[in-house]
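Here are the chains, one letter per residue:
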Amino acid sequence: MTEDLKGKTAAITGASRGIGAAAAREFAARGANVILMARDRDSIAGLSGELGKQALAVPCDVSRFWEVESALAAGADEFGSLDILINNAGMIEPVAHLGTVDPDAWAQVIDVNLKGVFHGIRAALPLMLAEGGGTIITISSGAAHNPLEGWSHYCSSKAGAAILTDCLHLEYAAKGIRAMGLSPGTVATQMQKEIKASGVNPVSRLEWSDHIPPDWPAKALAWMCTGESDEFLGTEISLRDEAIRARLGLVA
Ligand code: NAP
């Protein structure tokens, strides 16, 4: 594997498991320093131990701006810069209908999946602009563009996060900020276990073998942080797109 991210520092939210942990391993293998952000201290500490001095674990709840801001500052201080932010942290529960869902639980998903993305962008921009630019990628979803039963909170949050990427590109592309979204398709993670258990919509009825492994989006994310993906700046890349899979050498 080439060390095409050597010298770069990447902050990854939701790095305690799933796509975020796979991305941390992929980025570190490609030479990047990684800032591991999530609430599960033990998991990010364990991953940090596995990756060695290239990794810094910073416990962080993305729904709180000050925690995101201090985590990115600590990482930039440790490694000398912040070049990449992967807005990956997200949640799906509670899967429920609009007329019965708990209002506070509904709003918590917005706090994490939408406000958490804003918090990352807002905290990263001053650090990146001071260094002349950077890459900010937000994990999107088909649910950003299509309603799904029981997922009103998730669809709303992902739609909001997708348009945040558009706004980021509009305001900061000319200032050196590379903004993109990645829609991974369905991925074999804890989130899909929760979806399966809900039994509510067609996604819950997919077979486990229908899901791609987390290292596929991890590879896509690393590629999106290189100049090879510049033609996609300001857009959302889908890993369901066969042309993208072929370009990344991902074969089922
Ligand atoms: P996952 O295994 O459930 O991981 C979710 C991650 O988000 C965990 O590391 C979790 O860490 C973190 N997280 C949740 N709430 C957080 C908070 N308040 N602050 C900080 N971190 C928080 O799910 P995944 O599939 O890897 O999901 C990663 C992203 O991909 C999400 O944005 C999800 O919406 C998106 N996505 C997934 C799929 C799929 O099929 N799996 C499809 C499309 C999009 P802690 O609990 O330790 O905080």
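Because the structure is predicted, anything quoted here is derived from the model rather than measured.

Analysis parameters
Residues numbered from 1 in each chain as written. Predicted model: local features only at pLDDT ≥ 70, side-chain atom pairs only at ≥ 80, totals over all residues. Heavy atoms only, no water. Helix = DSSP H or I, 4+ residues; strand = E, 2+ residues; numbered from the N terminus. Rg over C-alpha atoms; globule rule 2.2 N^0.38 Å. Buried < 20%, exposed > 50% of the residue type's maximum accessible area, 1.4 Å probe, protein only. Contact = heavy atoms within 4.5 Å. Areas by Shrake-Rupley, 256 points an atom, 1.4 Å probe, with all protein chains shown as cover. Lys, Arg positive; Asp, Glu negative; His and termini not counted. Charge placed at Lys NZ, Arg CZ, Asp CG, Glu CD. Pairing = 2+ DSSP bridges. Axes fitted to C-alpha atoms, helices over the stretch in contact; angles between N-to-C directions. Core = buried A, V, L, I, M, F, W, Y, C linked by side-chain atoms within 4.5 Å. Right-handed = clockwise from strand over helix to strand, strands pointing away. Salt bridge = Lys/Arg side-chain N within 4 Å of Asp/Glu carboxyl O. Phe/Tyr/Trp six-rings, centres within 6.5 Å; stacked < 30°, edge-to-face > 60°. Near = heavy atom within 4 Å. Polar contact = N/O pair within 3.5 Å; in protein donor to acceptor, adjacent residues only side chain to side chain. Nonpolar A, V, L, I, M, F, W, Y, C, P; charged D, E, K, R; others polar. Expected span 1.5 Å × (residues − 1). Disulfide = S-S within 2.5 Å.

Engineer: Help me out: how do you make sense of the overall build of the protein chain in this one?
Structural biologist: A tally of helices and strands in the protein chain yields eight helices and seven strands. Computed over its C-alpha atoms, the radius of gyration of the protein chain comes to 17 Å, within 12% of the 18 Å expected for a compact globule of 252 residues. In terms of overall dimensions, the protein chain has C-alpha extents of about 50 × 40 × 40 Å along its principal axes. Looking at the protein chain as a whole, 52% of its 252 residues are labelled buried. For the protein chain, long-range pairs separated by at least 24 residues make up 68% of all intrachain contacts whose partners lie at least 6 apart in sequence. Accessible surface for the protein chain amounts to roughly 11,200 Å². Of this, 53% is attributable to carbon and sulfur atoms. Counting 21 positive and 30 negative side-chain charges, the protein chain places the centres of these two groups 2 Å from one another.

Engineer: Any chance you could explain the sheet that holds strand 6 (residues 177-183) here in plain terms?
Structural biologist: Strand pairs in the sheet, formed through backbone hydrogen bonds, run parallel or antiparallel to each other. Pairing is parallel in the open sheet, where seven strands are placed in the order 3-2-1-4-5-6-7. In this open sheet, the two edge strands, each paired with only one partner strand, are strand 3 (55-59) and strand 7 (236-238). Recorded for the sheet is a direction-independent mean angle of 20 degrees between the axes of neighbouring strands. When strand 5 (residues 134-139) meets strand 6, the two strands line up parallel, connected through six bridges. When the bridges of strand 6 are listed, I137 appears paired with M180. Against the sheet, helix 2 (residues 41-51) touches strand 2 (33-38) and strand 3, its axis set at about 175 degrees to strand 3.

Engineer: Would you mind showing me how to read the nonpolar core here?
Structural biologist: In summary, soluble globular proteins display a tendency toward joint burial of nonpolar side chains. Within the largest apolar cluster, 41 residues are counted, with the highest numbers of intra-cluster contacts made by F27, L36, I86, L182, L221, I237 and L239. Setting aside residues up to four positions removed in sequence, I237 forms contacts with M180, G181, L182, S183, W223, M224, F232 and I244. Formed by 26 residues, the second largest nonpolar core is a distinct cluster that contains L72, L85, I121 and A123.

Engineer: For this particular structure, what's the right way to read the pairing of strand 3?
Structural biologist: In summary, the side chains of a regular strand alternate between the two faces of the sheet. Sheet analysis places strand 2 next to strand 3, joined by five bridges and oriented parallel. Its bridge partner lying in strand 3, L36 is registered against A57. As for the winding sense of the linkage, the β-α-β connection from strand 2 through helix 2 to strand 3 is right-handed.

Engineer: Could you clarify how one ought to interpret the pattern of salt bridges in this entry?
Structural biologist: Any two side chains of opposite charge can pair if their charged atoms end up close together. Under the definition given, this model contains ten salt bridges. With its nearest N and O atoms 2.9 Å apart, the salt bridge here joins E231 to R247. Placement of the pair is E231 in the loop between helix 7 (215-224) and strand 7 and R247 in helix 8 (residues 242-248), with a sequence separation of 16 residues. The class for R247 is partly exposed, based on a relative accessible area of 43%. One continuous salt-bridge network, built from bridges that share partners, spans D4, E26, R30, D215 and K219.

Engineer: How should I be thinking about the packing of aromatic side chains in this particular structure?
Structural biologist: This model, assessed by the stated rule, comprises two aromatic pairs. When the ring of W151 is compared with that of Y154, the centres are 5.3 Å apart and the planes differ by 75 degrees; the resulting orientation is edge-to-face. Of the residues examined, W151 reaches a relative accessible area of 4% and is grouped as buried.

Engineer: Looking at this structure, I do not really get the site of the ligand. What am I missing?
Structural biologist: Near the ligand, the surroundings consist of 28 residues, among which S16, R39, N88, Y154 and T189 are the closest. In the environment of the ligand, an oxygen atom lies 2.7 Å from a nitrogen or oxygen atom belonging to the side chain of R39. V62 has a polar backbone atom sitting 2.9 Å from a nitrogen atom of the ligand. Protein chains bury 96% of the 880 Å² of accessible surface belonging to the ligand in isolation. Of the residues forming the shell around the ligand, the biggest block, three residues, is contributed by helix 6 (residues 190-198). Each residue belonging to the shell around the ligand can be placed in one class, and the counts come to twelve nonpolar, eleven polar and five charged.

Engineer: Would you explain helix 1 (residues 18-29) in this entry?
Structural biologist: Residue pairs spaced three or four apart in an α-helix point in one direction, given the helix's 3.6 residues per turn. Over its twelve residues, helix 1 extends 17 Å from the first C-alpha to the last, a length consistent with the 16 Å expected when each residue adds 1.5 Å. When you tally the buried positions in helix 1, you get nine out of twelve residues, the bulk of the element. For helix 1, the set of buried residues is I19, G20, A21, A22, A23, A24, E26, F27 and A28. Buried-residue contacts for helix 1 involve strand 1 (9-13), strand 2, helix 2, strand 4 (84-87) and helix 7. Among the residues trailing helix 1, G31 stands out with phi positive, at a value near 100 degrees.

Engineer: Can you help me understand the state of the cysteines in this one?
Structural biologist: One covalent bond between the sulfur atoms of two cysteine residues makes up a disulfide. This structure, assessed with the given rule, holds zero disulfides. The thiol of C60 is not disulfide-bonded; the next cysteine sulfur, from C225, is found 19 Å away. Overall, the relative accessible area of 4% leaves C60 in the buried class. For C155, which is in no disulfide, the shortest distance to another cysteine sulfur is to C167 and amounts to 19 Å.

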